[in-house]
Amino acid sequence: MNAICARWSVTFRLTLAITMLAICSQADAAGQGTAPAPGELGRGINILGYDGIWEGGRNAPFRLDNLTAIRKAGFSHVRINFFGFKFMGPGNLLDEIVLRRLDAVIEEVLARKLIPILDEHDTDTCQRDVSGCAEKLKAFWTQIAGRYAGRYPTLVFEVLNEPGGQMTSTSWNALLNECLGIIRTGNPGRTVIAAVLNVDDMPVEELALPSGDRNLIVTFHYYAPIRFTHQGAPWSPTFSQIGPLDWGTPEDERKALADFEKIRIWSEKERRPIYLGEFGVYERAPAEARTRYLSFVARSADRLGWAWAYWQFDHDFAAFDSARQTWKPDVMRALMPAGR
């Protein structure tokens, strides 16, 4: 009962704070810095993808002071995983109440001196229904780009999480460039993140970007080998039966480095900065192997000069224990080594 009461107390405080911010803190934020250069993103962490904050606070373990903990831990940005499609009504109009909650979250992130990335995260819809996704995604960015034109200059837009599935490179390039055109109408100088098609071979060479738009960062996600990183995941009939698997042989490292080298060669040729927007290992993996993997991926990205964001703050793959309100030390040692 005490735990339940504590959860309701936390939820009430978060909901009340966001409601007050949304109602009372509508001041223009145009003076809050300038669009971040790619190198300024640094190390980050994914937040709020599966939190009830958007629905008004039900099942919402994330607390506003967790942003302070994120900043104190040494992270410089957060990637806000936002499922915009579920909050669209007739005509694909976004719910104004939810948008005010989003405003409040962005302002809280900025108040902690963190860079916010707004990631449209409706992967399942977009991988399954390309035409339906296109209609909703363009409507989403029309509204978001209009809402934030001239506001929150350090806010970064990420067009879509993990395009793939039924999408081909051709269909993704067409949709991506349409969305970029919509965004640039009112946000010509905003930093925008564009994803490589999320398939095993990471076809970065097929990504078609406007040559004159240099305020773009290219992102990819890395969970290879997925049998290792997702071992024991209960939502998958396949992965739930796998494990324990180890990682860290010279061959394991060579494979990861080869994958990263492909991205590096392209980025240097095209003069495009890279963002490793997600990587992680599910909790069921052996602890030492998980730590080795996370440390290897994070330090490899650091050496290449890439910004990165760990998946994720809480829920599964978690770096933070919401019940105890403490970081998980093995994950944090891997991600943020002392003195680095």
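For clarity, every value in this text was computed on a predicted model and none was experimentally measured.

Reading the values: rules and limits
Residues numbered from 1 in each chain as written. Predicted model: local features only at pLDDT ≥ 70, side-chain atom pairs only at ≥ 80, totals over all residues. Heavy atoms only, no water. Helix = DSSP H or I, 4+ residues; strand = E, 2+ residues; numbered from the N terminus. Buried < 20%, exposed > 50% of the residue type's maximum accessible area, 1.4 Å probe, protein only. Contact = heavy atoms within 4.5 Å. Pairing = 2+ DSSP bridges. Axes fitted to C-alpha atoms, helices over the stretch in contact; angles between N-to-C directions. Disulfide = S-S within 2.5 Å. Phe/Tyr/Trp six-rings, centres within 6.5 Å; stacked < 30°, edge-to-face > 60°. Lys NZ or Arg CZ within 6 Å of the ring centre and 35° of its normal. Salt bridge = Lys/Arg side-chain N within 4 Å of Asp/Glu carboxyl O.

### So, the overall build of the chain
Of the regular secondary structure elements, the chain holds 10 helices and 10 strands. In the chain, which comprises 340 residues, the share counted as buried stands at 53%. A fraction of 79% describes how many contacts in the chain between residues 6 or more apart in sequence connect residues 24 or more apart.

### Let's talk about the sheet that holds strand β3 (residues 115-120)
Pairing in this closed barrel of eight strands is parallel, and the strands run β1-β2-β3-β4-β5-β6-β7-β8 around the ring. Each adjacent strand pair in this sheet contributes to an overall mean axis angle of 25 degrees, direction not counted. Here strand β5 (residues 192-195) pairs with strand β6 (residues 216-222) via four bridges, running parallel. Note that in β6 the partner of Ala195 across the bridge is Thr219. Helix α9 (residues 287-304) rests against β1 (43-47), β6, β7 (274-279) and β8 (307-310) of the sheet, and its axis sits at about 155 degrees to β8.

### Focus: the environment of Asp252
Note that Asp252 resides in helix α8 (residues 250-270). Its relative accessible area of 22% is what places Asp252 among the partly exposed residues.

### Thoughts on the state of the cysteines
Applying the stated criterion across every chain, the model contains one disulfide. For Cys126, the disulfide goes to Cys133, at an S-S distance of 2.0 Å. Disulfide Cys126 to Cys133: torsion about the S-S bond roughly 80 degrees, handedness right-handed. The pair Cys126 / Cys133 is uniform in exposure class, with both members buried. With no disulfide of its own, Cys179 lies closest to Cys133 among cysteine sulfurs, the gap being 7.8 Å.

### Section: the packing of aromatic side chains
Scanning the entire structure with this criterion turns up 27 aromatic pairs. Ring centres of Phe82 and Phe140 lie 6.2 Å apart, and the angle between their planes is 40 degrees; this geometry places the pair in the tilted category. In this pair, Phe82 is assigned in strand β2 (residues 77-82) and Phe140 in helix α5 (residues 130-148), connecting sequence segments 58 residues apart. In this pair, the class of Phe82 matches that of Phe140, namely buried. Each residue in the set Phe62, Phe75, Phe279, Trp308, Tyr310, Phe313, Phe320 and Trp327 is aromatic and connected to the rest through ring pairs, giving one cluster. The aromatic ring of Phe157 is capped on one face by Arg190, whose charged end is 4.6 Å from the ring centroid.

### Describing the pattern of salt bridges
Inspection of every chain in the model, using the stated rule, returns 20 salt bridges. Close ionic contact of Arg63 with Asp65 constitutes a salt bridge, the shortest N to O distance being 2.9 Å. Lys262 is the partner of Glu205 in a salt bridge, and the nearest nitrogen-oxygen pair spans 3.9 Å. With Glu205 in the loop between β5 and β6 and Lys262 in helix α8, the pair connects residues that are 57 residues apart, well separated along the chain. A residue is classified by how much of its surface remains accessible, and Glu205, at 49% relative accessible area, is partly exposed. The exposure class assigned to Lys262 is partly exposed, which follows from its relative accessible area of 31%. Salt bridges sharing partners connect three or more residues here, namely Arg79, Asp119, Glu158 and Glu278.

### What about the pairing of β8?
Side chains Ala307 and Ala309 of β8 all project onto a buried face; the interleaved residues Trp308 and Tyr310 project onto the opposite face, where all are buried too. With two bridges joining them, β7 and β8 adopt parallel strand pairing. From the neighbouring strand, Leu276 faces β8, where its bridge partner is Trp308.

### Details of the side chain of Asp122
Looking at where Asp122 falls in the secondary structure, it is placed in the loop between β3 and α4 (123-128). Ignoring sequence-local partners within four residues, the contact set of Asp122 consists of Phe82, Phe83, Gly84, Phe85 and Leu160.

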